[in-house]
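Residue-level listing of the chains:
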Amino acid sequence: MNRQELTDCKRIVVKVGTSTLTHNTDQLNLMRMESLTRELADLHNQGRDVLLVSSGAIGVGVGRFGLKEAPRTLPMKQALAAVGQGTLLHMYEKLFAEYGKIVAQVLLTKDDFQERLRYLNCRNTLLTLLSLGVIPIINENDTVVVDEIKFGDNDTLSALVAGSVNADLLIILSDIDGLYDDDPRRNPEAKRRSEVYEITEEMEKSSHSRGTKLASGGMYTKLLAARMVMTAGIPMVVADGADKDILRRIIAGEQVGTLFVPRENKMHARERWIAFSSFPQGSIQVDTGARDAIYKRGKSLLPGGVVGVDGDFERGEVVAIIDPDGHEFARGITNYSAGEIRLIAGQKTSQIEQILGGKDYDEVIHRNNLTLCD
Ligand code: GLU
């Protein structure tokens with residue numbers, strides 16, 4: 001893919017971070033918000049679907065109370081988010097209304113993506129909003145999250161949103177204009193990478209520093225988001241939210257920011273959910289033959305290739321598939337429960353009926369319900 005192809009993007013998810021939306025006084029950066037909403041409204045006027053993933057709830061809450069320090073406890077963060085989210089939405093509502101746009105507030109938690117029914121519901125709601133010409137403004141539902149159901153960073157959330165609505169492009173606006181080959185704050189020779197085709201371990205390692213005091217991301221979570229959308233077949237651009245006309249320039253195919261080039265084929269909706277949103281309820285260990293059949297030849301998982309089962313899952317749940325080296329290389333929706341698989345592990349398909357007293361499926365996991373991890 002080349003930059004010019006971005007011009008044809010029909011459905012765009014834009015994520016904007018706290019540091020882009022606020023001054024270092026923790027008060028809203030109104031000029032920035034104004035230009036951002038104007039650009040988004042203009043993309044919408046061009047007939048594109050626009051979804052905005054906006055951070056800033058906690059940061060704006062801190063600003064409302066004039067707190068000198070970032071909140072430390074979870075209840076305090078949640079209380080500040082409850083105040084700040086309202087203020088943030090109020091401002092978006094007002095700014096978008098100037099361009100005749102209707103916005104909707106959508107607050108999500110990890111659970112909303114992991115449980116398939118909730119996920120489908122949430123996707124349908126977002127798609128319905130888009131069909132109504134609404135611009136959804138999405139944030140993590142900070143007020144109710146506890147650690148287990150927390151994304152913790154909106155980069156991940158924006159990648160999941162992009163996957164769920166099958167977006168054509170994800171743009172992450174940050175306080176840095178892309179991914180560098182070294183830390184530009186320490187090395188003035190560091191160069192911005194214009195295109196990235198693969199996220200390497202070295203990139204991940206060198207990106208471990210955190211974001212600013214109220215943003216949880218930093219470059220590391222952007223790389224995780226990039227990995228997800230690239231695998232799903234969706235391009236992503238990281239660019240500086242402070243740069244003038246940045247969205248228009250990205251969509252015009254200008255060499256701004258870093259473009260993360262996706263794999264050629266887009267994943268199907270169900271594959272995307274299995275790979276990124278679901279949370280495996282257990283795991284199945286397979287032998288080398290089964291690993292190769294799945295990984296290299298796109299086959300289903302049969303009982304003969306199963307050597308072990310971990311966890312206590314039911315039929316229809318998502319499980320991780322583990323190779324003989326202990327690596328998760330695929331995920332899938334299982335046709336049999338953990339207890340049933342323990343009984344038929346290593347056996348021929350023709351024996352399933354005799355062992356379980358009935359047979360609904362030949363495969364433990366059908367290839368249509370299987371996704372390779374990368
Ligand atoms: N949900 C948090 C907020 O709105 C921000 C998370 C992040 O920084 O990515 O304040």
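Residues numbered from 1 in each chain as written. Predicted model: local features only at pLDDT ≥ 70, side-chain atom pairs only at ≥ 80, totals over all residues. Heavy atoms only, no water.

1. Focus: the sheet that holds strand S6 (residues 195–196)
Okay, step 1: Strands sit in the order S3-S4-S2-S1-S5-S7-S8-S6 across an open sheet of 8 strands; the sheet is mixed. Here the strands that pair on one side only, and so sit at the sheet edges, are strand S3 (103–108) and S6.
Okay, step 2: When strand S5 (residues 169–174) meets strand S7 (residues 236–240), the two strands line up parallel, connected through 5 bridges. Bridge assignment links Leu173 to a residue of S7, and that residue is Ala239.
Okay, step 3: Contacts from helix H2 (residues 30–45) reach strand S1 (11–16), strand S2 (49–54), strand S4 (135–140) and S5 within the one sheet, and its direction differs from that of S2 by about 155°. (Pairing = 2+ DSSP bridges. Helix = DSSP H or I, 4+ residues; strand = E, 2+ residues; numbered from the N terminus. Contact = heavy atoms within 4.5 Å. Axes fitted to C-alpha atoms, helices over the stretch in contact; angles between N-to-C directions.)

2. A word on helix H7 (residues 154–164)
Okay, step 1: Counting buried residues along H7, 11 of its 11 residues qualify, which places the element largely inside the surrounding structure.
Okay, step 2: Regarding H7, the residues found buried are Asn154, Asp155, Thr156, Leu157, Ser158, Ala159, Leu160, Val161, Ala162, Gly163 and Ser164.
Okay, step 3: Capping the start of H7, Asp153 holds a side-chain oxygen 3.1 Å from the backbone nitrogen of Asp155, two or three residues further along.
Okay, step 4: With its phi angle positive at about 55°, Asn166 sits one or two positions after the end of H7. (Buried < 20%, exposed > 50% of the residue type's maximum accessible area, 1.4 Å probe, protein only. Polar contact = N/O pair within 3.5 Å; in protein donor to acceptor, adjacent residues only side chain to side chain.)

3. Here we look at the packing of helix H3 (residues 57–65) against helix H4 (residues 74–97)
Okay, step 1: Contact geometry for H3 and H4: axes closest at 6 Å, N-to-C directions at 90°. Comparing the axis directions of H3 and H4 gives the class roughly perpendicular. In this structure, H3 uses Ala57, Ile58, Val60, Gly61, Val62, Arg64 and Phe65 to contact H4, whose residues at the interface are Lys77, Leu80, Ala81, Val83, Gly84, Gln85, Thr87 and Leu88.
Okay, step 2: Among the residues forming the contact of H3 with H4, the class breakdown is 9 nonpolar, 4 polar and 2 charged. (Parallel < 35°, antiparallel > 145°, perpendicular 65-115°, else oblique. Nonpolar A, V, L, I, M, F, W, Y, C, P; charged D, E, K, R; others polar.)

4. Quick notes on the pairing of S4
Okay, step 1: Within S4, 6 of the 6 residues are buried, leaving the element largely enclosed by the surrounding structure.
Okay, step 2: Alternating residues of S4 divide into Ile135, Ile137 and Asn139 and Pro136, Ile138 and Glu140, and every residue in both groups is buried.
Okay, step 3: Both S2 and S4 contribute to a ladder of 2 bridges, which runs parallel. Across the sheet, Leu52 pairs through a bridge with Ile137, a residue of S4.
Okay, step 4: Sheet topology note: the S3/S4 ladder contains 6 bridges and is parallel. The residue bridging Val103 from the neighbouring strand is Ile135, located in S4.

That's the geometry; what it means functionally is another story.
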